[in-house]
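Okay, here's what each chain looks like letter by letter:
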Amino acid sequence: MPKRVGLEYINNPQFTNIDAMENLIEQLVTVTINGKEIKAPPSLSTIQALWYAGYPRVQSVGCLEGVCGSCRILVRRAESTEVTMALGCQTLLEEGMEVNFLVFPTPTHHTYNLEEIPNSWEVQTEFHRIFPEAVNCRSCNGCNKSCPKDIQVKEGVALASKGKFQEAGELFVECVMCNFCMTACPEYISPNHVGLFSRRVTAYFHTRPSNLINRLEVMRKGELKIEIDQD
Amino acid sequence: MSITYQEALNNYQPLERREPAVETLSTEELLQQYHPDHYKDAATTLQVGPNRGDQCHHQLADMLQADARIDEADLAGARTRQTDVLVIGGGGAGCAAALVAAKAGARVTLATKLRLGDSNTVMAEGGIQASVEKDDTPQAHYQDTLKAGHFHADKELVASMASDAPEVIRWLIQQGMQFDLDKFGDIMLRRAGGTTADRIAYYRDYTGLEMMRVLRESVKNSNIEVLDYSPAVELMSNQSGRCAGAVISNLKECTFELIKANAVIIATGGIGRMHLNDFPTSNHFGATGDGLVLAYRLGAKMLDLDSFQYHPTGLAHPHHLAGSLITEGIRSAGTYLLNSEGNRFVDELKTRDHVSSAILKECTEGRGIQVGDQATGVWLDTPGLELRNPGLIAQKFPKLVQLGKKCDIDLTTTPLLVYPTLHYQNGGVQIDKNGLSTVPGLYCVGEVSGGIHGRNRIMGNALLDIICFGRRAGAHAAECNRRPGHKKISIEHLSSLRRNLTMAKMPMEQKGPMLFPECAKFEDDSDYDGLHKNRNRKISTT
Ligand SMILES: Cc1cc2nc3c(=O)[nH]c(=O)nc-3n(C[C@H](O)[C@H](O)[C@H](O)COP(=O)(O)OP(=O)(O)OC[C@H]3O[C@@H](n4cnc5c(N)ncnc54)[C@H](O)[C@@H]3O)c2cc1C
Ligand code: SF4
Ligand code: SF4
Ligand code: FES
């Protein structure tokens, strides 16, 4: 096993004394990550565990806070045959857990440009042109089961197919675009992109704040110029 | 002596009212005595480069004056691409610059370190500043920004940013970004610490996530060529010293590649993962200050390299989440900070440097709350807020509620332990109002740039600055760089760098840019042997 780095480098360099840390921490657990057996405190995430054990980890690491969607892992828990998907930075170690990191998510085949949608009457037609598979959803629930944010993905796809874009988009507030639902979907619907499309058309066509519009209008007339030497 | 976490929790009582703090020190005295920028030995004097003689944090100075990662030998046989505008860094600033440049008709290549959108931008919570309320003006925005930065910012940059702000919000909406709206469809605004008006537009406490996923989708649906997992390791220049491209290391194929470009826009973000003064950080994994190092070597002048922002409310407990950011929005909403005696000790809405220094003062003087041997902090009194505004936390701060869950803490009944966390680089590459650095052909936008925030930034001005100057640089780079490619392109500047380092008797062991935090062990990762060949060869011949 390679030399261990101190916990000080993992997140908080204030912790300079590993032994003190270990007294503070619970029993170590044994897990297997990318085929390597690792003993580490259960309060660490799978990414931190690799670093703690001295293994390199660069790919799939991002925000470390569960919002960038980079750290995709497959997890099998002890005494279970089920493999689940999760975010590595958000998954704390459990005894006997097996973890494999996934890298380089495949991009979606759907492309669109908001500016090519002539007006809000055409959004639904355009949606079905851009995402022709959405109507084929067979409610298999694969997307919902795979989502680490517990988003009602399937319901979102159904709403979008019916042209209820604002409601659909609301379901995807916490989506981190990890692409798990996309991988899980047997119909190649790219449900997360359906969700994001729904959110984007809502803003693009319907966010018209009068306070902002007024301000822009006044400024366009040349008013409210900043005087640089006034202070 | 500080009391323990458990004791402090037992002593703690949620109260609706608490007396305001009585502060005895002026802001200036407080900063001088307690702000980490003023720690003894924090700063050193730069020995080589365009800022020779200037003060700089010593950890950053080590990187700016480090040896390069590559030399000519690495480039033999390297694949070469050609583009009009090369953008380095795929956060908010980089995506905005790329989108605008591409729209203006330029061929654009965007190279980013890891996944597109893995950035500080995606993590932003609080919101983005723009004066859109009736009783607010761009002038007030300008004034507040200058004042918060202790009148140290470049006035022209601040004025450009404050007057662009409403248009920036509109541009974001046109990309498909949502904002929280009131029942009339108006943009809702909240107030940042140290400002005179409600000026922060936001989307829940997911402003950055919403911004980043929209910009990423926009970029992916454009004709911009995206090279992900491709950190830049060096810039290239032509015979007259004009920036003419960059060398990237392709982490998928483990090879170096040359990208020739008529203009380069650096948008690599901040330095949190350098862990200055051993502070925890709120920043993402890739925030290692690479852009500063690249630009400095090519001769770009820097500003305020000894000035950093420590955000007052980083999580201090539990340890595996230490450093995680708690949005300032929660203090804007009226949450108090309390010491171990249950007293307020600072006006929570003062500027960040003031509030952080006040927290450090409490902890130094024994009124902090201690966990185990190391972590100390003060209380963020969310239960008090819940008493004053029932339901507000759950409704407006879903991300914070999530964080509470991860800590096993119910925010409505139990306070969080907080301690300042290294958050933002106030200074950076000196730019003009088009984002152009002092090196021709080289633009720097976003957190990597300096001069916009002076010596302290207010919440919401960073998200504004990255889009404002990202767009400006994208437009300018596309417009002014249509001339055909350069004759001769090289990494010649490294010869003079090495000469200067040797002459100044600087140690040459350290290599820059840093690329990844130490814990990730990039240098030892056998997956990347292809990128370490040259280093290995050098080691074996000496
Ligand atoms: C937790 C948190 C909360 C925040 N909240 C707010 C807020 O509410 N309001 C506000 O205004 N500001 C906020 N900020 C600050 C703001 O988010 C950042 O300053 C801003 O997003 C920086 O944008 P950027 O595009 O310059 O850099 P980033 O968004 O960090 O993007 C930089 C990109 O460059 C890449 N990169 C780095 N090095 C290289 C290299 N060598 N080669 C290629 N690519 C590279 C990175 O991987 C990254 O993708 C917050 C910051 C954090 C960390
Ligand atoms: S909806 Fe899909 S992409 Fe979004 S978080 Fe859930 S699984 Fe990930
Ligand atoms: S995975 Fe695809 S087919 Fe299955 S429910 Fe989700 S969207 Fe429908
Ligand atoms: S590293 Fe960003 S979600 Fe895990």
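The structure displayed is predicted, hence computed values, not measured ones. (Residues numbered from 1 in each chain as written. Chains lettered and ligands numbered in written order. Predicted model: local features only at pLDDT ≥ 70, side-chain atom pairs only at ≥ 80, totals over all residues. Heavy atoms only, no water.)

A word on the overall build of chain A
And then number 1: Each helix and strand counted, chain A has nine helices and five strands in total.
And then number 2: Counting every position in chain A, which comprises 231 residues, the buried fraction comes to 53%.
And then number 3: Partitioning the contacts of chain A with sequence separation of at least 6, the portion at a separation of at least 24 is 58%.
And then number 4: Total accessible area on chain A is roughly 10,700 Å²; 48% of this is exposed by carbon and sulfur atoms. (Helix = DSSP H or I, 4+ residues; strand = E, 2+ residues; numbered from the N terminus. Buried < 20%, exposed > 50% of the residue type's maximum accessible area, 1.4 Å probe, protein only. Contact = heavy atoms within 4.5 Å. Areas by Shrake-Rupley, 256 points an atom, 1.4 Å probe, with all protein chains shown as cover.)

Concerning the interface of chain B and chain A
And then number 1: Taken together, the contacts link 82 residues of chain B with 73 residues of chain A.
And then number 2: Summed over both sides, the interface between chain B and chain A buries roughly 6,800 Å², with carbon and sulfur atoms accounting for 55% of that surface.
And then number 3: Connecting chain B to chain A are four salt bridges.
And then number 4: One can count 29 residue pairs in polar contact (both at pLDDT 80 or more) joining chain B with chain A.
And then number 5: Among the elements that line the side of chain B that touches chain A, the one with the most residues is helix 7 (residues 155-175) of chain B, at twelve residues.
And then number 6: Classifying every residue of the side of chain B that touches chain A gives 35 nonpolar, 21 polar and 26 charged. (Buried area = accessible area lost by both parts, 1.4 Å probe. Salt bridge = Lys/Arg side-chain N within 4 Å of Asp/Glu carboxyl O. Polar contact = N/O pair within 3.5 Å; in protein donor to acceptor, adjacent residues only side chain to side chain. Nonpolar A, V, L, I, M, F, W, Y, C, P; charged D, E, K, R; others polar.)

Focus: the site of ligand 1
All names here are of chain B.
And then number 1: In the region of ligand 1, 39 residues are neighbours, and Asp118, Thr121, Gly126, Glu447 and Leu463 sit closest.
And then number 2: With respect to ligand 1, the backbone of Ala232 contributes an N or O atom lying 2.8 Å from a nitrogen atom.
And then number 3: Between an oxygen atom of ligand 1 and a side-chain N or O atom of Glu447, the distance comes to 2.7 Å.
And then number 4: For ligand 1, whose unbound accessible area comes to 1,000 Å², protein coverage reaches 99%.
And then number 5: Looking at which element gives the most residues to the shell around ligand 1, the answer is helix 15 (residues 461-480), with four residues.
And then number 6: Across the shell around ligand 1, the residue classes break down as 13 nonpolar, 20 polar and six charged. (Near = heavy atom within 4 Å.)

Concerning the domain arrangement of chain B
Residue and element names in this part refer to chain B.
And then number 1: Segmenting chain B into domains produces domain 1 (3-34 + 308-423) and domain 2 (72-123 + 204-307 + 426-489).
And then number 2: The centre of domain 1, based on its C-alpha atoms, is set 34 Å off from the matching centre of domain 2.
And then number 3: The partner domain 2 presents 23 residues to the 25 residues of domain 1 that form the contact.
And then number 4: Carbon and sulfur atoms make up 55% of the area that domain 1 and domain 2 hide from each other, which totals about 2,000 Å².
And then number 5: Of all residues in domain 1, Phe308, Lys399 and Leu422 give up the largest surface area on contact with domain 2, accounting jointly for 37% of the area buried on that side.
And then number 6: Here domain 1 and domain 2 share zero salt bridges between them.
And then number 7: The tally of links between domain 1 and domain 2 comes to 14 residue pairs in polar contact (both at pLDDT 80 or more).
And then number 8: Per element, the largest residue contribution to the side of domain 1 that touches domain 2 is five residues, and it comes from strand 19 (residues 416-425).
And then number 9: Counted by class, the side of domain 1 that touches domain 2 contains eleven nonpolar, nine polar and five charged residues. (Domains from an automatic or database assignment.)

Details of the site of ligand 3
And then number 1: In the vicinity of ligand 3, the residues found are Cys137, Arg138, Ser139, Cys140, Asn141, Cys143, Lys154, Cys185, Pro186, Glu187, Ile189 and Pro191 of chain A.
And then number 2: Here the residues of the shell around ligand 3 are counted per class, giving seven nonpolar, two polar and three charged.

As for helix 11 (residues 352-364) of chain B
All names here are of chain B.
And then number 1: Between its terminal C-alpha atoms helix 11 stretches 18 Å, which fits the 18 Å expected from 13 residues at 1.5 Å a residue.
And then number 2: Within helix 11, twelve of the 13 residues are buried, which leaves it mostly tucked inside the rest of the structure.
And then number 3: Here helix 11 has its buried residues at Arg352, Asp353, His354, Val355, Ser356, Ser357, Ala358, Ile359, Leu360, Lys361, Glu362 and Cys363.
And then number 4: Close packing links the buried residues of helix 11 with helix 2 (27-34), strand 15 (308-315), helix 10 (329-332), strand 16 (336-338), strand 18 (375-381) and strand 19.
And then number 5: After helix 11 finishes, the residue Gly366 shows a positive phi value of roughly 85°. (Expected span 1.5 Å × (residues − 1).)

Observations regarding the side chain of Arg331 of chain B
And then number 1: Tracing the chain through its elements places Arg331 of chain B in helix 10.
And then number 2: Not counting the four nearest positions on each side in its chain, Arg331 of chain B is found in contact with His311, Pro312, Thr313, Leu337, Glu348, Leu349, Val355 and Leu380 of chain B.

Observations regarding the environment of Glu115 of chain A
And then number 1: Relative to the helices and strands, Glu115 of chain A resides in the loop between strand 5 (98-101) and helix 3 (123-130).
And then number 2: The exposure class assigned to Glu115 of chain A is partly exposed, which follows from its relative accessible area of 48%.
And then number 3: Within polar-contact distance, the side chain of Glu115 of chain A engages the side chain of Lys103 of chain B at 3.3 Å.

Considering the environment of Ala153 of chain B
Residues and elements named next belong to chain B.
And then number 1: Structurally, the position occupied by Ala153 is in the loop between helix 6 (138-148) and helix 7.
And then number 2: A relative accessible area of 13% places Ala153 in the buried class.
And then number 3: Spatially, the C-alpha atoms of Ala153 and Asp304 are 9.8 Å apart, while their sequence positions differ by 151 residues.
And then number 4: If we ignore the near neighbours within four places in the chain, the residues touching Ala153 are Leu146, Val158, Gly451, Ile452, His453 and Gly454.

Details of the sheet that holds strand 20 (residues 428-430) of chain B
Residue and element names in this part refer to chain B.
And then number 1: Ordered by their spatial adjacency, three strands build an open sheet running 14-20-22, and the pairing between neighbours is mixed. Lying at the two open borders of the sheet, with one neighbouring strand each, are strand 14 (302-303) and strand 22 (449-450).
And then number 2: With two bridges connecting them, strand 14 and strand 20 associate as antiparallel partners. The residue of strand 20 that forms the bridge with Leu303 is Gly428. (Pairing = 2+ DSSP bridges.)

A look at the nonpolar core
And then number 1: Ranked by internal contacts, the top residues of the largest apolar core, which has 209 residues, are Ile128, Leu172, Leu235, Ile266 and Leu442 of chain B.
And then number 2: With near-sequence residues (within four places) excluded, Ile128 of chain B lies in contact with Val168, Ile169, Leu172, Phe179, Arg199, Ile200, Ala201, Met211, Gly460, Leu463 and Leu464 of chain B.
And then number 3: By size, the runner-up hydrophobic cluster in this structure holds 20 residues, among which are Leu114, Ala160, Val201 and Tyr204 of chain A. (Core = buried A, V, L, I, M, F, W, Y, C linked by side-chain atoms within 4.5 Å.)

Focus: the domain arrangement of chain A
Residue and element names in this part refer to chain A.
And then number 1: Here the domain parsing of chain A yields domain 1 (5-101) and domain 2 (114-206).
And then number 2: Every contact between the two is made by nine residues of domain 1 and, on the other side, eight residues of domain 2.
And then number 3: In terms of surface lost to domain 2, no three residues of domain 1 exceed Arg72, Met85 and Leu87, which account for 64% of the buried area on that side.
And then number 4: At the junction of domain 1 with domain 2, the criterion picks out zero salt bridges.
And then number 5: Applying the counting rule to domain 1 against domain 2 returns two residue pairs in polar contact (both at pLDDT 80 or more).
And then number 6: Where the side of domain 1 that touches domain 2 is concerned, the elements lending two or more residues are strand 3 (72-76) and strand 4 (83-87).

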